[in-house]
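# Descriptive structure summary
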Amino acid sequence: MESEPILQIVLAGPLRTAFDYLPPAQGDFNPLPGCRFQVPFGRGSRIGLLIGVSADSSLPEKSLKRAIRQLDPQPLFTSEDLHLLHWAADYYQHPLGDVIFHALPINLRKDRPEQSSATPGYRLTEQGREIDLETLKRAPKQRDILHRLRHAQAGLATRLLLAEASATHSVLRILTEKGWIEACQLSQDSTTESPPEVKRHALNSQQQQAVDAVREQLGQFQPFLLDGVTGSGKTEVYLYLVEAALQAGRQVLVLVPEIGLTPQLLQRFRNRLGDRVMALHSGLPDGERERVWQAMRSARQPVLIGTRSAVFCPLPKLGLIIVDEEHDLSFKQQEGFRYSARDLSLVRARQHYCPVVLGSATPSLESLRNAREGRYKLLQLPHRAAHSQLPKLQLVDIRNLTLNHGLSPVLIRELKKTLDSGEQAMVFLNRRGYAPMLTCHACGWLTDCPRCDARMTHHRQKNLLWCHHCGHQQRVPEQCPECGSPDLRPVGQGTERVEERLRELFPDTPLARIDRDTTRRRGSLEKMLGDVRAGRFPLLLGTQMLAKGHHFPAVTLVAILDVDQGLFGADFRAGERMAQLVLQVAGRAGRAERPGQVLIQTRHPDHPLMQLLIREGYPAFSAEALEERRLAQLPPFTHQVLIRAEANDARQPEDFLQQLLESGPPTNDLTGIEFWGPIPAPMERRAGKTRAHLLVQSTQRALLHRWLKDLLTRIDQLPMSRRVRWSVDVDPQEMY
Ligand code: ADP
Ligand code: ZN
Ligand code: ZN
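Residues numbered from 1 in each chain as written. Chains lettered and ligands numbered in written order. Predicted model: local features only at pLDDT ≥ 70, side-chain atom pairs only at ≥ 80, totals over all residues. Heavy atoms only, no water.

## Describing the overall build of the chain
The helix and strand inventory of the chain stands at 22 helices and 31 strands. Taking 736 residues into account, the globule formula puts the C-alpha radius of gyration at 27 Å, and the chain, at 28 Å, falls close to it. Along the three orthogonal principal directions, the C-alpha set of the chain runs to about 90 × 75 × 55 Å. When burial is assessed residue by residue, the chain has 55% of its 736 residues classed as buried. Within the chain, residue pairs in contact and separated by at least 24 positions form 76% of the contacts whose partners lie at least 6 positions apart. Carbon together with sulfur atoms contributes 49% to the accessible area of the chain, which is approximately 32600 Å² in total. (Helix = DSSP H or I, 4+ residues; strand = E, 2+ residues; numbered from the N terminus. Rg over C-alpha atoms; globule rule 2.2 N^0.38 Å. Buried < 20%, exposed > 50% of the residue type's maximum accessible area, 1.4 Å probe, protein only. Contact = heavy atoms within 4.5 Å. Areas by Shrake-Rupley, 256 points an atom, 1.4 Å probe, with all protein chains shown as cover.)

## Remarks on the coordination of the zinc ion (ligand 3)
The protein atoms donating to the zinc ion (ligand 3) are C449 (SG), C452 (SG), C467 (SG) and C470 (SG), with metal-donor distances spanning 2.3 to 2.4 Å. If you look at the zinc ion (ligand 3), its four donor atoms make angles of 104 to 114 degrees with each other, and the shape they trace is tetrahedral. Taken in chain order, the donor set of the zinc ion (ligand 3) reads C-x2-C-x14-C-x2-C. Taken together, the positions of C449 in the loop between β19 (437–440) and β20 (457–459) and C470 in the loop between β21 (464–466) and β22 (473–475) put the pair 21 residues apart, joining distant regions of the chain. Here C449 falls in the buried class, since its relative accessible area comes to 5%. (Donors = N, O, S within 2.8 Å, 3.2 Å for Na, K, Ca; no water. Tetrahedral: all angles 85-135°; square planar, octahedral: opposite > 155°, others 65-115°.)

## Some words on the sheet that holds strand β8 (residues 156–157)
One open sheet holds the three strands; their spatial order is β8-β7-β9, and the pairing between them is antiparallel. Across the chains shown, the open sheet's two edge strands, defined by having one partner strand only, are β8 and β9 (181–186). When strand β7 (residues 119–124) meets β8, the two strands line up antiparallel, connected through two bridges. The residue of β8 that forms the bridge with G121 is A157. (Pairing = 2+ DSSP bridges.)

## Here we look at the sheet that holds strand β1 (residues 6–11)
Spatially, the six strands line up as an open sheet ordered β5-β2-β1-β4-β3-β6, and their pairing is mixed. Only two strands of the sheet have a single partner each, and these edge strands are β5 (65–66) and β6 (69–70). Bridge count for β1 against strand β2 (residues 19–22) is three bridges, and the pairing is antiparallel. Bridging from a neighbouring strand, Q8 pairs with D20 of β2.

## Some details on the pairing of β2
Here β2 pairs with β5 via two bridges, running parallel. Its bridge partner being in β5, L22 is matched across the sheet by R66.

## So, the site of ligand 1
Looking at ligand 1, there are 17 residues lining it, with H201, A202, Q207, T235 and R268 nearest. Within the side chain of H201, a nitrogen or oxygen atom sits 2.8 Å from an oxygen atom of ligand 1. Separating an oxygen atom of ligand 1 from a side-chain N or O atom of T235 is a distance of 2.6 Å. The fraction of the free accessible surface of ligand 1 (560 Å²) that becomes covered by protein chains is 79%. At three residues, helix α9 (residues 234–247) tops the list of elements feeding residues into the shell around ligand 1. Looking at the shell around ligand 1 residue by residue, the class counts come to five nonpolar, eight polar and four charged. (Near = heavy atom within 4 Å. Polar contact = N/O pair within 3.5 Å; in protein donor to acceptor, adjacent residues only side chain to side chain. Nonpolar A, V, L, I, M, F, W, Y, C, P; charged D, E, K, R; others polar.)

## Points about the packing of aromatic side chains
Within the structure shown, the criterion is met by 10 aromatic pairs. Centre to centre, the rings of F77 and W293 are 5.8 Å apart; their planes meet at 90 degrees, and the pair counts as edge-to-face. On the criterion of sequence distance, the pair formed by F77 in the loop between β6 and α1 (79–91) and W293 in helix α11 (residues 286–297) is long-range, its members being 216 residues apart. Exposure class is identical for F77 and W293. Each is buried. Directly above the aromatic system of Y240 lies the positively charged group of R200, at a separation of 6.0 Å from the ring centroid. The ring of W466 is capped by R432, whose NZ or CZ atom sits 5.0 Å from the centre of that ring. (Phe/Tyr/Trp six-rings, centres within 6.5 Å; stacked < 30°, edge-to-face > 60°. Lys NZ or Arg CZ within 6 Å of the ring centre and 35° of its normal.)

## Points about the coordination of the zinc ion (ligand 2)
Here the zinc ion (ligand 2) is held by C440 (SG), C443 (SG), C480 (SG) and C483 (SG), and the distances to it run 2.2 to 2.4 Å. Taken together, the four donor atoms surrounding the zinc ion (ligand 2) define angles of 105 to 112 degrees at the centre, an arrangement classified as tetrahedral. The motif formed by the donor residues of the zinc ion (ligand 2), counted along the single chain, is C-x2-C-x36-C-x2-C. Since its relative accessible area comes to 3%, C480 is described here as buried.

## Comments concerning the nonpolar core
As a rule of thumb, nonpolar side chains are buried together in soluble globular proteins. Grouped together as the largest cluster of nonpolar side chains are 114 residues, with contacts concentrated most on F77, F312 and W707. Setting aside residues no more than four positions away along its own chain, F312 makes contact with F77, L84, L85, A88, H102, A103, F337, Y339, L344 and R348. Grouped together as the second largest cluster of nonpolar side chains are 30 residues, A210, Y238, V357 and L381 included. (Core = buried A, V, L, I, M, F, W, Y, C linked by side-chain atoms within 4.5 Å.)

## Details of the pattern of salt bridges
Evaluated as defined, the whole model comprises 47 salt bridges. The residue E236 makes a salt bridge to R268 at a minimum N-O spacing of 3.3 Å. Within this pair, whereas E236 is found in helix α9, its partner R268 is found in helix α10 (residues 263–273), the two being separated by 32 residues in sequence. Salt bridges sharing common partners tie together R200, E236, E243, R268 and R272. (Salt bridge = Lys/Arg side-chain N within 4 Å of Asp/Glu carboxyl O.)

## Some points on α11
An ideal rise of 1.5 Å per residue puts 16 Å on 12 residues; α11 measures up with 16 Å between its terminal C-alpha atoms. The buried fraction of α11 amounts to 10 of the 12 residues, a majority that puts the element mostly inside the structure. Those residues of α11 lying buried are G287, E288, E290, R291, V292, W293, Q294, A295, M296 and R297. Just downstream of α11, A299 is the residue with a positive phi angle, here 60 degrees. (Expected span 1.5 Å × (residues − 1).)

## Structural notes on the environment of R268
Residue R268 is classed as partly exposed on the basis of its relative accessible area of 30%. Sequence separation between R268 and E61 is 207 residues, and the spatial gap between their C-alpha atoms is 58 Å. If we ignore the near neighbours within four places in the chain, the residues touching R268 are T235, E236, L239 and H551.

## Comments concerning unusual backbone geometry
Between P635 and the following residue, P636, the backbone shows a cis peptide bond with an omega angle of 5 degrees. Structurally, P636 is set in the loop between α20 (618–632) and β28 (639–647). Cis rather than trans, the peptide bond between G677 and P678 has omega equal to 5 degrees. Note that P678 resides in strand β29 (residues 674–686). Phi is positive for A299, close to 60 degrees, though the residue is something other than glycine. Mapped onto the elements, A299 comes out in the loop between α11 and β13 (303–306). With phi around 55 degrees, D731 is a residue other than glycine that occupies positive phi space.

## Here we look at the environment of D517
Counting through the fold element by element, D517 comes out in the loop between β24 (511–514) and α16 (524–533). With a relative accessible area of 15%, D517 lands in the buried category. For D517 and G433, which are 84 residues apart along the polypeptide, the C-alpha to C-alpha distance reads 8.0 Å. Not counting residues within four places of it along the chain, the set of residues in contact with D517 comprises R432, G433, H459 and W466.

## What to know about the environment of Y434
Here Y434 is to be found in the loop between β18 (424–428) and β19. Sequence spacing of Y434 and S388 is 46 residues, and the spatial spacing of their C-alpha atoms is 36 Å. Here Y434 is in contact with H405, H458, H459, R460, P490, G492, Q493, G494, E496, R497 and E500, once residues within four sequence places are set aside. A distance of 2.8 Å separates polar atoms of two side chains, one belonging to Y434 and the other to R460.

Here you go:
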């Protein structure tokens, strides 16, 4: 008798190997890799994904169990998708099951069949089509919904309207009662026959060159670095490229940073491409995410714009990848499966023989080096489109100055001038709360977090001390717990404190503060940004939430209160991040035809990198910073792996890492690999745990990876591996 095929199935969770199963006893059975199966495991059953079929197993047939049933008739992943997942699991040395299930929408990680494709939605009625949108100025929500539906002839899903438009159930009901829209079932993801008419810009010659260069490579693997100053028309270039790929019948993946996926950006894509664009991000309800994922997998829709995890969305006809703001940290997942979506986008592009465009006004040093060495083609947009000028950067030396809650006299004067002339000003401080700490004036006591090596931030409106590292909160004490003095004073400033001062200085000027504390409610950020653009707030104050992706055409003055942290941070990337943040914040100014001014307060006006950035700009800065990295033999000139360990016990993490090192070949025999540590992590105690690091680096990636793989085969055998929590971070971006 011919023996049965053996199914190799990967289960969700931290398991590094696949399990062998026999086919299900009955029912239709079609063992295509990429389909989910329900299988017995332990005493219960689990969901797994078939990754391969083999003729025999290393286990005796008698000990094999039978799969219970096949859940998907057709594979959820193509062989190319699976290849990417295998590649990622191997490169980041992360369990394959975790990688695969991370790539699935939540609904499909469970024991559920695929969703039916009928989706409740709304479409315009005849009457609704006739409405003059201008008459709805006073009802912006209604206008927005009608506007969107005009560009989606077949209608739009209710969930989508609720998630992305400013729709609420009551607005939808009002519009239905007026007879302008009607409920409908969308049998499939609707496409517009006629994309909306939008005025498009004729490209300038540099944009045209960029578009041509990429278009020529459609159908081939080629990475590009689109290095274009803020406002140079990068987004416009993306839009032309997307259209070119669509004409060639391909799908397009656009990756954007978490905070960059604003309705504004989405709307710009929708205006041009209609509802062929779908968005995928963590703010969507699970069902909607599955719907988008399915629409892409079946190639019913061609354009996906999404945050980090969208890099894993199946796109069988993928023909172009764009990564906007490629330098942004949010492309790297910082916990669990620590992958870089930007880096994986290159692997994906190679698999699909397609170009990948990494765009930024402040490219990462990694990408700049790749461009220099010819691995990426460099495309440059050194000037702003639309006749607007880049803002001027200026340092404000605050040594020996008495600051007024963080504001220098020069800065206050310039703010006043700007506001008096009816223009908008923006104040940037990357720290929320009232003050980073409180101190006792009598004895010097500080608000140390009981669980971390950090101070608790003073949040005055809530009357809380709040640790931003572990979330610990407590009421502000009436008096010093050490000496009983009631004289507790804030040290330094956060946005809350600066807001208080600005309101005193400019009592008649409406001010909007935008940070995590003021935008917690869903939709509140959008509303504030809309109000800002409509000119309702001449004075803007905020954290890095303000720095990215938003266009504030009327802002002519940007004040950056504190960059010094960035100059002397413990992390070797601190300078690079400081420069990127400064330029991204500065980039909000002077976008229209008014030139902008950027004032940067610093106590280190002579710092050489800072000087270079101000005088000569990012290209000179990044060239110098790269040279420093080369001399110090740091990334991108070497490759790093960071192994972290933490435990309640103070000694265990370091001991564990030491044992781990000693379990392998002696480190001095390993030529070409450098070991730093085990050492305490920069923040040694966090959330009550003690943390230790082992940083390993090499100029040869292959060597480093071989060492790491070997290490991971030993790690589970160490008795201590169950007492400490450990993780592996390949190409770490943050050393905290
Ligand atoms: P970036 O993405 O580089 O910040 P955008 O594509 O958002 O730049 O363009 C900045 C501004 O310039 C936008 O208002 C855009 O409409 C405008 N713009 C872009 N390209 C052109 C062009 N070729 N001619 C005129 N205006 C343009
Ligand atoms: Zn005291
Ligand atoms: Zn804490």
